[in-house]
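# Observations on chain architecture
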Amino acid sequence: MQVYYATQFVLPLPEGHRFPMAKYQLLRDRLADELPQIELMQALPATDGELALAHSPAYIDAISTGTADARLMREIGFPWSPAMAERARRSVGATISACRAAFAQGIAANVAGGTHHAYADKGGGFCVFNDTAVASRLMQAEWGRSRRAPLKIAIIDLDVHQGNGTASIFRGDPTVFTLSMHGQKNFPFRKEASDLDVDLPDGCCDDEYLHALDSALDELERRFDPGLVIYLAGADPHEGDRLGRLKLTWDGLEARDRRVFDWAWQRRVPLAFAMAGGYGVRIEDTVQAQVNTFRVATQYFARWQNQAR
């Protein structure tokens, strides 16, 4: 199973910054040690032309050249640096490559990504460029070169925070279905309208969460027939997350992942996934949640390969 990374680009963050940058390298190391079914591959950077499928040229230039104003950078939450700009491009490139690999092999992934708070003309919430939006637009363009019917893409966003940037970019687009299941009272405090928003109360536990997810996937099936799924598998609904405010256990998170992977498998829809958020009180818990997602993914990847034989 092909998994793309850009862990060699580390943001130089000030002492005490709350973003857990170390989680990406920790995750990559554990995948290399524990899951031999995974082929780790270095991500290529997204080009200006690819980024422009979802972002304004002025915003792309401001991030690339370090000329974004202080207000814009405060909203993103990272100080600008060449490494930040390069890593943002490669995080998008990793999701692009994962989508292409998913078409070829059924399932593929980005070790990072899920930067769903980025709008067309600005970033936010530790998100610079919107990897899901850029990859969706590019996959549709590549699909359209040889097919007349448009590629329809379902974005299943199970990060604990609403995918506001993604919802804004795809508002009114009938070829992309945005499903966001998130904490009702959590960031962002001004929500956008996804095609399907599921608001969850603080303290939501496994049974309530999984019932809501089953209902959301049923509604997705009633309303949309995708040719590709992009799954944002945030670790932050876990009960040990300091920003999540939900109470999913390890078993609950695994059941969540299995439902999404099984939904796509039953319909033989290729699936690319990204890790999105995770802010565990213990960084090891965030990494463990993500490793568990990859472990489930490899099982469904094996089903795709057995079918191909």
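Before any of the text, the structure's been laid out above.
First things first, this report covers the structure right here in the doc. Residue numbers here run from 1 along each chain, matching the order of that chain's written sequence. Where local features are concerned, this predicted model is filtered to residues with pLDDT of at least 70; where side-chain atom pairs are given and counted, the filter is 80 or more; whole-chain, interface and lining totals use all residues. Just so you know, side-chain values use all the structure's heavy atoms and leave hydrogens and water out.

### Let's talk about the sheet that holds strand β3 (residues 107-110)
Pairing between two strands is assigned when DSSP locates at least 2 bridges connecting them. Under the DSSP-based scheme used, a helix requires at least four consecutive residues in state H or I and a strand at least two consecutive residues in state E, with every element numbered from the N terminus. Strand order in the open sheet made by the eight strands is β2-β1-β3-β8-β7-β4-β5-β6, with parallel pairing throughout. Only two strands of the sheet have a single partner each, and these edge strands are β2 (39-42) and β6 (196-200). Strand-to-strand twist of the sheet, defined as the mean angle between neighbouring strand axes without regard to direction, takes the value 15 degrees. Looking at chain direction, strand β5 (residues 176-183) and β6 are connected through five bridges and run parallel. Residue Leu179 lies in a different strand from β6, and its bridge partner there is Leu196. Any two residues having at least one pair of non-hydrogen atoms within 4.5 Å are treated as being in contact. All axes are obtained by fitting lines to C-alpha atoms, using only the stretch in contact for helices, and the reported angles, taken between N-to-C directions, cover 0 to 180 degrees. Contacts between helix α9 (residues 250-266) and the sheet are confined to β3, β4 (153-157), β7 (228-232) and β8 (271-274), with β7 contributing the most and set at about 170 degrees to the helix. Seen against the sheet, helix α10 (residues 283-308) touches β1 (2-5), β3 and β8 and runs at an angle of roughly 150 degrees to β3.

### Topic: the packing of aromatic side chains
Planes of paired rings set the category: under 30 degrees apart is stacked, over 60 is edge-to-face and the rest tilted, where pairs are Phe, Tyr or Trp rings (Trp by its six-membered ring) whose centres lie within 6.5 Å. Applying the stated criterion to the full structure yields 15 aromatic pairs. Relative to Tyr279, the ring of Phe19 lies with its centre 6.2 Å away and its plane at 70 degrees, an arrangement referred to as edge-to-face. Residue Phe19 is found in the loop between β1 and α1 (23-34), and its partner Tyr279 is found in the loop between β8 and α10; the two are separated by 260 residues along the sequence. Burial status follows relative accessibility: with a 1.4 Å probe on protein chains alone, a residue under 20% of its type maximum counts as buried, one over 50% as exposed, and anything between as partly exposed. Of the residues examined, Tyr279 reaches a relative accessible area of 8% and is grouped as buried. A centroid spacing of 6.0 Å and a plane angle of 35 degrees characterise the contact between Phe103 and Trp143, whose relative ring orientation is tilted. With Phe103 in helix α5 (residues 82-105) and Trp143 in helix α6 (residues 131-144), this pair connects stretches of sequence that are 40 residues apart. A relative accessible area of 31% places Phe103 in the partly exposed class. Overall, Trp143 belongs to the partly exposed group, its relative accessible area being 23%. Aromatic ring contacts, followed pair by pair, group Phe19, Tyr24, Phe78, Phe126 and Tyr279 into a single cluster.

### A few points about the pattern of salt bridges
For this analysis, a salt bridge means a side-chain nitrogen from Lys or Arg found within 4 Å of a carboxyl oxygen belonging to Asp or Glu. Scanning the model with the defined rule gives 19 salt bridges in all. One salt bridge in this structure joins Arg137 and Asp173, with 2.7 Å as the shortest N-O distance. Of this pair, Arg137 sits in helix α6 while Asp173 sits in the loop between α7 (164-169) and β5, and the two are 36 residues apart along the sequence. Given the relative accessible area of 23%, Arg137 is considered partly exposed. Linked through salt bridges whose partners overlap, the residues forming this network are Arg30, Glu34 and Arg295.

### A closer look at the environment of Leu35
In this structure, Leu35 sits in the loop between α1 and β2. Sequence spacing of Leu35 and Thr298 is 263 residues, and the spatial spacing of their C-alpha atoms is 8.3 Å.

### Here's the deal with α5
Expected span of a helix, by definition, is 1.5 Å for each gap between consecutive residues, and there is one gap fewer than residues. Along its 24 residues, α5 runs 34 Å from first to last C-alpha, staying within 8% of the 34 Å computed at 1.5 Å per residue. Of all 24 residues that make up α5, 17 are buried, and the element is covered over most of its length. Immediately downstream of α5, the backbone of Gly106 shows phi near 105 degrees, a positive value.

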